[in-house]
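Each chain, written out:
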Amino acid sequence: MISSKNIKFRAVEPIDVDQIMSWENDPNIWHLSNTQVPYSRFDLEQYVMNATKDIYAIKQLRLMIDLKEIALTIGCIDLFDFEPMHRRAGLGILINDESRNKGYATEAIELLKKYANKNLNLHQLYCNIEESNKISLKLFKKCGFEIIGLKKEWNLRNGKWINEYSLQHVFKD
């Protein structure tokens, strides 16, 4: 089991479809994943059926984040664009509204960093965060990610161009 003091990671299971559906179909966060339309239950059921396949085959991994003490799912964490040859992957995280500002995101990112480096032999992780998302920028900087660039007018939302930072964490080999 992949776990730390307060949380544990687990594989996505069919029982998670409703929770994932509520997250993925929330138009308030579609801009984070460049989504513009809702997902159907069928699409998400198919996703869940494939989510447990080998990261080397599908180039991504989603893990559910559960609280250890009460077995409550509070979010998910993703590795995407997995590049084993170059030993890197993108990182994304979602913590539900009720569980934010309690340190769980920091704990989850630190736990995933250890897993990615020790188990997947990754050399680096990266993420992309909009310039206005001060909370996520603070979180990832706290977890050792550095801003390595600014993509100007990168995302278009509500008729306005939004700048986006690229952040990177390089493991010390």
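Each value, and the rule that gives it
- Residues numbered from 1 in each chain as written.
- Predicted model: local features only at pLDDT ≥ 70, side-chain atom pairs only at ≥ 80, totals over all residues.
- Heavy atoms only, no water.
- Phe/Tyr/Trp six-rings, centres within 6.5 Å; stacked < 30°, edge-to-face > 60°.
- Helix = DSSP H or I, 4+ residues; strand = E, 2+ residues; numbered from the N terminus.
- Buried < 20%, exposed > 50% of the residue type's maximum accessible area, 1.4 Å probe, protein only.
- Polar contact = N/O pair within 3.5 Å; in protein donor to acceptor, adjacent residues only side chain to side chain.
- Contact = heavy atoms within 4.5 Å.
- Disulfide = S-S within 2.5 Å.
- Axes fitted to C-alpha atoms, helices over the stretch in contact; angles between N-to-C directions.
- Parallel < 35°, antiparallel > 145°, perpendicular 65-115°, else oblique.
- Left-handed = near helix turned anticlockwise from the far one by under 90°.
- Nonpolar A, V, L, I, M, F, W, Y, C, P; charged D, E, K, R; others polar.

Asks: Please clarify how the packing of aromatic side chains should be interpreted in this entry.
Replies: The geometry of an aromatic ring pair is captured by the separation of the ring centres together with the interplanar angle, meaning the angle of the planes. Per the counting criterion, the structure on display carries 3 aromatic pairs. Relative to Tyr126, the ring of Phe80 has its centre 5.9 Å away and its plane inclined at 80 degrees; by these criteria the two rings are edge-to-face. In this pair, Phe80 is assigned in strand E4 (residues 73-83) and Tyr126 in strand E6 (residues 124-130), connecting sequence segments 46 residues apart. On the basis of relative accessible area, Phe80 is assigned to the partly exposed category, the value being 26%. With 5.1 Å between their ring centres and 85 degrees between their planes, Phe140 and Phe145 make a pair best called edge-to-face. A relative accessible area of 4% means that Phe140 is categorised as buried. For Phe145, a relative accessible area of 3% puts it in the buried group.

Asks: Please explain the side chain of Lys113 as it appears in this structure.
Replies: Positionally, Lys113 belongs in helix H4 (residues 104-118). Within the local environment of Lys113, its side chain forms a polar contact with the side chain of Glu110, the two groups lying 3.2 Å apart. Discounting chain neighbours no more than four positions away, the residues touching Lys113 are Leu125, Cys143, Gly144, Phe145, His169 and Phe171.

Asks: Even after reading the chapter, I still don't get the state of the cysteines, so can you show me in this structure?
Replies: Such a bond, covalent and formed between the sulfur atoms of two cysteines, is termed a disulfide. Evaluated as defined, the whole model comprises 0 disulfides. Left unpaired, Cys76 is separated from the closest cysteine sulfur, that of Cys127, by 15 Å. Owing to a relative accessible area of 4%, Cys76 belongs among the buried residues under this scheme. Cys143 forms no disulfide, and the closest cysteine sulfur to it belongs to Cys127, at a distance of 9.6 Å.

Asks: What am I meant to see in the packing of H4 against helix H5 (residues 134-142) here?
Replies: If you want to describe how two helices pack, look at the angle between their axes and the distance between the axes. The interhelical angle for the contact between H4 and H5, taken along N-to-C directions, is 45 degrees, at an axis separation of 10 Å. In terms of their interaxial angle, H4 and H5 are classed as oblique. Crossing geometry of H4 relative to H5 is assigned as right-handed. Contacts between H4 and H5 involve Ala105, Thr106, Ile109 and Glu110 from the first element and Leu139, Phe140 and Lys142 from the second. For the contact of H4 with H5, the class distribution of residues is 4 nonpolar, 1 polar and 2 charged.

Coordinates in, geometry out; function isn't part of it.
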